[in-house]
Amino acid sequence: MARQTLVVRTVAELRQAVKRFREVQETVALVPTMGALHDGHITLVRQARQRASRVVATIFVNPTQFAPTEDLAKYPRTEAADLARLRDVGCDLLFAPDASQIYPHGFATTVSVAGPAQAGLEDRFRPGHFAGVATVVAKLFCQSGADFALFGEKDYQQLCVVTQMARDLDLPITVVGIPTVREADGLAMSSRNRYLAPEQRAKAPLLHRTLRQVADALIKGADIEAALAFGRSAITAGGFELDYLEARQAVSLAPVTGLAEGPVRLLVAARLGATRLIDNIGVETPRH
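Residues numbered from 1 in each chain as written. Predicted model: local features only at pLDDT ≥ 70, side-chain atom pairs only at ≥ 80, totals over all residues. Heavy atoms only, no water.

J.: Is there a simple way to explain the overall build of the protein in this structure?
T.: Helix and strand content of the protein: 10 helices and 9 strands. The C-alpha radius of gyration computed for the protein amounts to 19 Å, which stays within 12% of the reference 19 Å derived for 288 residues, consistent with globular compactness. Considering only C-alpha atoms, the protein reaches an extent of 55 × 45 × 40 Å along its principal axes. Within the protein, the fraction of its 288 residues that count as buried is 52%. Taking the intrachain contacts of the protein between residues at least 6 apart in sequence as the baseline, contacts between residues at least 24 apart amount to 74%. Here the protein displays about 13,400 Å² of accessible surface, and carbon together with sulfur accounts for 53% of that area. (Helix = DSSP H or I, 4+ residues; strand = E, 2+ residues; numbered from the N terminus. Rg over C-alpha atoms; globule rule 2.2 N^0.38 Å. Buried < 20%, exposed > 50% of the residue type's maximum accessible area, 1.4 Å probe, protein only. Contact = heavy atoms within 4.5 Å. Areas by Shrake-Rupley, 256 points an atom, 1.4 Å probe, with all protein chains shown as cover.)

J.: Where do I start with helix α10 (residues 224-237) in this structure?
T.: For the α-helix, the turn length of 3.6 residues means that residues three or four positions removed from each other point alike. With 14 residues, α10 should reach 20 Å at 1.5 Å per residue; the first-to-last C-alpha distance of 20 Å fits that figure. If you check which residues of α10 are buried, you get Ile224, Ala227, Leu228, Gly231 and Ile235. Considered in projection along α10, the buried side chains sweep an arc of 95 degrees and stay on one side of the axis. Buried residues along α10 sit in contact with α9 (206-219), β7 (241-249) and β8 (264-272). One side-chain oxygen at the N-terminal end of α10 lies 3.1 Å from the backbone nitrogen of Glu225; it belongs to Asp223. (Expected span 1.5 Å × (residues − 1). Arc of directions from axis to C-beta. Polar contact = N/O pair within 3.5 Å; in protein donor to acceptor, adjacent residues only side chain to side chain.)

J.: Looking at this structure, how should I read the pairing of strand β9 (residues 275-283)?
T.: For a regular strand, side-chain orientation follows a simple rule: the groups alternate between the two sheet faces. With 8 of 9 residues buried, β9 lies mostly within the body of the structure. Pairing analysis gives 9 bridges linking β8 to β9, with the strands arranged antiparallel. Across the sheet, residue Val264 finds its bridge partner in β9, namely Val283. Count of turn residues in the β8/β9 antiparallel hairpin: 2 residues, of which Gly273 carries a positive phi of about 60 degrees. (Pairing = 2+ DSSP bridges.)

J.: Help me understand the packing of aromatic side chains, please; the structure alone is not making it clear to me.
T.: For any two aromatic rings, the description comes down to two numbers: the centre-to-centre distance and the angle of the planes. According to the stated counting rule, one finds 5 aromatic pairs in the structure shown. Ring geometry for Phe66 versus Tyr75: centroids 5.9 Å apart, planes at 80 degrees, classification edge-to-face. Tyr75 sits in the buried class, given a relative accessible area of 7%. Taken together, the aromatic side chains of Phe60, Tyr103 and Phe107 make up a single cluster linked through ring pairs. The aromatic ring of Tyr195 is capped on one face by Lys74, whose charged end is 5.0 Å from the ring centroid. (Phe/Tyr/Trp six-rings, centres within 6.5 Å; stacked < 30°, edge-to-face > 60°. Lys NZ or Arg CZ within 6 Å of the ring centre and 35° of its normal.)

The following block contains the structure:
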């Protein structure tokens, strides 16, 4: 039987609901989303249930993390279907505010980000994006008072930024990264995959296959720049418009010249038509 999921739309209602959990010594895990839920999001909720007594999901399409050229207006909004999925998986509470709750009249304070937020990856193509992410996530952390917050590793730079932000601001919450959930052919699950035309969808798994090939080459001792050059060529030849394919230190996202500087993460972003896809994988350090 599906668990009842309480829906609240104001910060006051959210805090009151969480207060009731706290009164009976229950722990709380937070799963922030922008809706259009897929199996990756549902995995986060399931993982949250294993870590805490109560699970709070949020759905908020955050305008401050979209550039003027990006798809805020057409970003999919499917709250009724999302709520049904959350009920099926046992989510206790959905916080689904409108923009006036998050950014009320006169709002003037934002989080300034550096470190992994200025690594020359997503930030190079989406200036201002991570300031918007960090600000809304900091607010959600404070509003919910959660013990844990779960994020998927698909948005790996975002995970690094949020983890650093919580640590730097001494927010009393543990940020947990959950491995990327993939389709059977390896494509990372994303709300934007629905924009892919059938022929584009058939090409899309090349990103993950190429990451695996580059990682395998590095594990076997290949030069990083040579392996990356191979990967970039393969992605472009596959019909993508490549934004980047990089090897970075997995915590700081600083460039690396060898696996000894690891742990190492491979990160990629590329476009198929109007759809921009991102992915990443860790590179195992060879055992000697």
